[in-house]
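Descriptive structure summary
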Amino acid sequence: MTHPENPETAPDPATRVPPSGGPDVPDVPDVPDVPDAQGAHDAPRRTGSGFGRVLVLVYGIFAISATARASIQLLRDWHEAPVAYGLSALAAVVYIVATIALARGSATSRTVAWTAVTVELVGVLAVGAWSLLDPAAFPKPTVWSDFGIGYGFVPLVLPVVGLTWLWRTRPPQTSTTEPKDRA
């Protein structure tokens, strides 16, 4: 094959002519995001990308369902189980905050997501245990009653998955100073 500018020489493999016919541009190979020796990636993944999209979707579904359930319970049947319905409303707020924070993925949103998902885990564990130890306090179930049995235990598993995802997508630790010698 001959080069169009000089019919006697072949093109240099380190350059290419873009389809637009512009100047030669060096070919840069695609380099995959590979972990370094400590397992950190060059660029952190966003919380709302990849598997995070599925997580945000599930949180969104729970935000909508918990909000609808709590709204109906509070408006129609508040007198029947005020503690349980108030906790359903709290769960709805936590799911809404977690959904938005996970979807955004900024540094501030990550902090909010850590807080919301941790509150969710503590809530489902506390309300789950409380509802088993004192069933009279929960004449009507909440999202978190019996550790989320009414929702197939998804409310118990979801915060664990959420915290794991936040941990796996955390930004790499960069240190500008050397560690101090304790000797």
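Right above here is the structure, for reference.
Here's a quick rundown of the structure. (Residues numbered from 1 in each chain as written. Predicted model: local features only at pLDDT ≥ 70, side-chain atom pairs only at ≥ 80, totals over all residues. Heavy atoms only, no water.)

Now for a nonpolar patch on the surface. Together, Val93, Val97 and Val112 give the surface a local cluster of nonpolar side chains, amounting to about 200 Å² of exposed area. Within the fold, Val112 resides in helix α3 (residues 107–133). Given a relative accessible area of 34%, Val112 falls into the partly exposed group. (Patch = residues over 30% accessible without salt bridge, like charges linked within 9 Å, V, L, I, M, F, W, Y side chains within 5 Å. Areas by Shrake-Rupley, 256 points an atom, 1.4 Å probe, with all protein chains shown as cover. Salt bridge = Lys/Arg side-chain N within 4 Å of Asp/Glu carboxyl O. Helix = DSSP H or I, 4+ residues; strand = E, 2+ residues; numbered from the N terminus. Buried < 20%, exposed > 50% of the residue type's maximum accessible area, 1.4 Å probe, protein only.)

Moving on, we come to helix α1 (residues 51–77). If you check α1, its first and last C-alpha atoms are 38 Å apart, about what 27 residues at 1.5 Å a residue would give, namely 39 Å. Tucked inside the fold, the buried residues of α1 contact α2 (82–104), α3 and α4 (154–168). (Expected span 1.5 Å × (residues − 1). Contact = heavy atoms within 4.5 Å.)

Applying the stated criterion to the full structure yields two salt bridges. The partner of Lys140 in a salt bridge is Glu80, with the nearest N and O atoms 3.6 Å apart. Here Lys140 is found in the loop between α3 and α4, whereas its partner Glu80 is found in the loop between α1 and α2, with 60 residues between them in sequence. By relative accessible area, Lys140 is classed as partly exposed at 33%.

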